[in-house]
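In case you want the letters, here they are:
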Amino acid sequence: MTTFVTLVELYERQGYYLRCGLNAELFGELNKGLSFATLHRAENLELVCNGGGISPLEIYFLESLFTDYRPSRIFAIGNAFGWSTLALSIIVPEARTICIDACQDAGYEEGRRITNLIALKEGLNASVVKGISPTDVETIIKAEFNAPIDFAFIDGWHTNEQILADFLACRRLASPDCVYLFHDVVNMELFDGFDAVLAHDGNITGKVLMRTTSGMAIAFPTAMTEIFEKVVTAFSQDNKLLADLPQPQAPHVRKAGLMAEN
Ligand SMILES: C[S@@+](CC[C@H](N)C(=O)[O-])C[C@H]1O[C@@H](n2cnc3c(N)ncnc32)[C@H](O)[C@@H]1O
């Protein structure tokens, strides 16, 4: 079974429904986030928490990323209701996956509880711990792993300053071959933060992945370029093939380097 199909089944078994993977174009300007996942209680359809999960296309990206590359210690920032945490653990079951979340209200606490319950019931080596990045990153990584992390998924607070702080906190406890994946870089205009990540360390290279729904970005050691070349090419968009399209209104699409600045 594919990861997406498995995930839907796991949540529904616990009494939750998902809304995700919808074609936002069909629902008008005010509903742009419909590709992403939200979780609802089956009995009253209420939203469990405000934070949304990655899109089905981004789950497919993770499956593609982890075909030829298998990390052992996965650390993530930002759980919401566990959609990406459980996806990572299903795709790389041999790895230990630890996610931290600030759990700032009861909805996110419920999200943490559901994630840990599903992980336990399904025998997944994944867990969510309450904690705030960057302050709690060191303590939690040291407590949860017996060696440096080798993959970090950063999807917490979406500002340029925060993703750099998240990266630096992870970097201190990461192996030299650690790979960093950032969610929402295009959607939330996190280009400066991502550039600062790449500039921080002369040994890291990376790319914005325009063929992921949120515009994820990946950073990895230059020495590992060959491992990621095919998947990065497949999930990037060649600018030349956009020249005949109307110029996008959205400034973040222009800032991504796609199409000319107006
Ligand atoms: C977009 S949601 C994460 C979605 C999740 N990665 C997924 O795709 O299923 C962002 C989450 O980050 C958490 N968060 C925000 N700032 C944080 C911080 N500084 N440290 C830890 N968690 C944070 C929020 O509580 C929220 O649950």
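Heads up: the structure comes first, above all this text.
Residues numbered from 1 in each chain as written. Predicted model: local features only at pLDDT ≥ 70, side-chain atom pairs only at ≥ 80, totals over all residues.

Colleague: Help me out: how do you make sense of the overall build of the protein chain in this one?
Modeller: The number of helices and strands found in the protein chain is 9 helices and 9 strands. The globule rule puts the C-alpha radius of gyration for 262 residues at 18 Å, and the 18 Å found for the protein chain is close to it. Overall, the C-alpha framework of the protein chain stretches about 50 × 45 × 35 Å when taken along its three principal axes. A total of 262 residues make up the protein chain; the buried ones form 41% of that total. For the protein chain, long-range pairs separated by at least 24 residues make up 63% of all intrachain contacts whose partners lie at least 6 apart in sequence. (Helix = DSSP H or I, 4+ residues; strand = E, 2+ residues; numbered from the N terminus. Rg over C-alpha atoms; globule rule 2.2 N^0.38 Å. Buried ≥ 20, exposed ≤ 12 C-beta atoms within 10 Å, placed from the backbone. Contact = placed C-beta atoms within 7 Å.)

Colleague: Would you mind showing me how to read the site of the ligand here?
Modeller: Neighbouring the ligand are 20 residues, the closest being Gly 51, Gly 53, Gly 78, Trp 83 and Ser 84. Looking at the shell around the ligand, the elements with two or more residues in it are helix 3 (83–91) and strand 4 (96–101). Classifying every residue of the shell around the ligand gives 9 nonpolar, 9 polar and 2 charged. (Near = placed C-beta within 6 Å. Nonpolar A, V, L, I, M, F, W, Y, C, P; charged D, E, K, R; others polar.)

Colleague: What exactly am I supposed to notice about the pairing of strand 9 (residues 216–221) here?
Modeller: Two faces make up the sheet, and in a regular strand the side chains alternate between them. Counting buried positions over the 6 residues of strand 9 gives 5, a clear majority of the element. Of the strand pairs in this sheet, strand 7 (residues 174–182) and strand 9 are connected by 3 bridges, and their pairing is antiparallel. In the sheet register, Tyr 180 faces strand 9, and the bridge partner there is Ala 219. In terms of strand pairing, strand 8 (residues 204–209) meets strand 9 through 6 bridges, oriented antiparallel. Directly across from Ile 204, in strand 9, lies its bridge partner Pro 221. Hairpin geometry of strand 8 and strand 9 is characterised by an intervening segment of 6 residues between the two adjacent antiparallel strands and by a positive phi of about 75° at Gly 215. (Pairing = 2+ DSSP bridges.)

Colleague: Just to check I follow, could you spell out the nonpolar core for this structure?
Modeller: Across soluble globular proteins, nonpolar side chains show a tendency to be buried alongside one another. Counting residues in hydrophobic clusters, the biggest one holds 74 residues, and the most contacted among them are Ala 152, Cys 170, Tyr 180 and Phe 182. Ignoring any residue separated from it by four or fewer positions in sequence, one finds Ala 152 in contact with Phe 75, Cys 170, Ala 174, Cys 178 and Tyr 180. (Core = buried A, V, L, I, M, F, W, Y, C linked by C-beta atoms within 7 Å.)

Colleague: It is not clear to me how the sheet that holds strand 4 should be interpreted in this structure. Could you clarify?
Modeller: Hydrogen bonds between backbone groups are what pair the strands of a sheet, and the pairing can be parallel or antiparallel. In spatial order, the strands read 5-4-3-6-7-9-8; together these 7 strands make up an open sheet with mixed pairing. The sheet terminates laterally at strand 5 (126–130) and strand 8, the two strands that pair on one side only. Averaged over all pairs of adjacent strands, the angle between strand axes in this sheet comes to 20°, irrespective of strand direction. Contacts from helix 5 (residues 137–144) reach strand 3 (73–77), strand 4, strand 5 and strand 6 (149–154) within the one sheet, and its direction differs from that of strand 4 by about 155°. (Axes fitted to C-alpha atoms, helices over the stretch in contact; angles between N-to-C directions.)

Colleague: Can you help me understand helix 2 (residues 56–65) in this one?
Modeller: Residue pairs spaced three or four apart in an α-helix point in one direction, given the helix's 3.6 residues per turn. Within helix 2 the residues assigned to the buried category are Pro 56, Glu 58, Ile 59, Phe 61, Leu 62 and Leu 65. Those residues of helix 2 hidden inside the fold are in contact with helix 1 (3–13), helix 3, strand 9 and helix 8 (225–234).

Colleague: I tried to follow helix 6 (residues 160–171) on my own but got confused; where do I start?
Modeller: The terminal C-alpha atoms of helix 6, which comprises 12 residues, lie 16 Å apart, in line with the 16 Å expected from a rise of 1.5 Å per residue. What helix 6 keeps buried is the set Ile 163, Leu 164, Asp 166, Phe 167, Ala 169 and Cys 170. Against the buried residues of helix 6 lie strand 3, helix 5, strand 6, strand 7 and helix 7 (191–200). (Expected span 1.5 Å × (residues − 1).)

Colleague: Help me understand unusual backbone geometry, please; the structure alone is not making it clear to me.
Modeller: The phi angle of most residues is negative, glycine excepted, and most peptide bonds adopt the trans form. Here the residue pair Ser 133 and Pro 134 is connected by a cis peptide bond, since its omega of 5° sits within 30 degrees of zero. Counting through the fold element by element, Pro 134 comes out in the loop between strand 5 and helix 5. With phi around 65°, Leu 45 is a residue other than glycine that occupies positive phi space. Its location among the elements puts Leu 45 in the loop between strand 2 (38–41) and helix 2. With a phi angle near 55°, Ala 80 is a residue other than glycine that sits in the positive phi range. Tracing the backbone through its elements, the reader meets Ala 80 in the loop between strand 3 and helix 3. The buried category is assigned to Ala 80, around which 29 C-beta atoms lie within 10 Å.

Take it as geometry only, folks, not as evidence of what the structure does.
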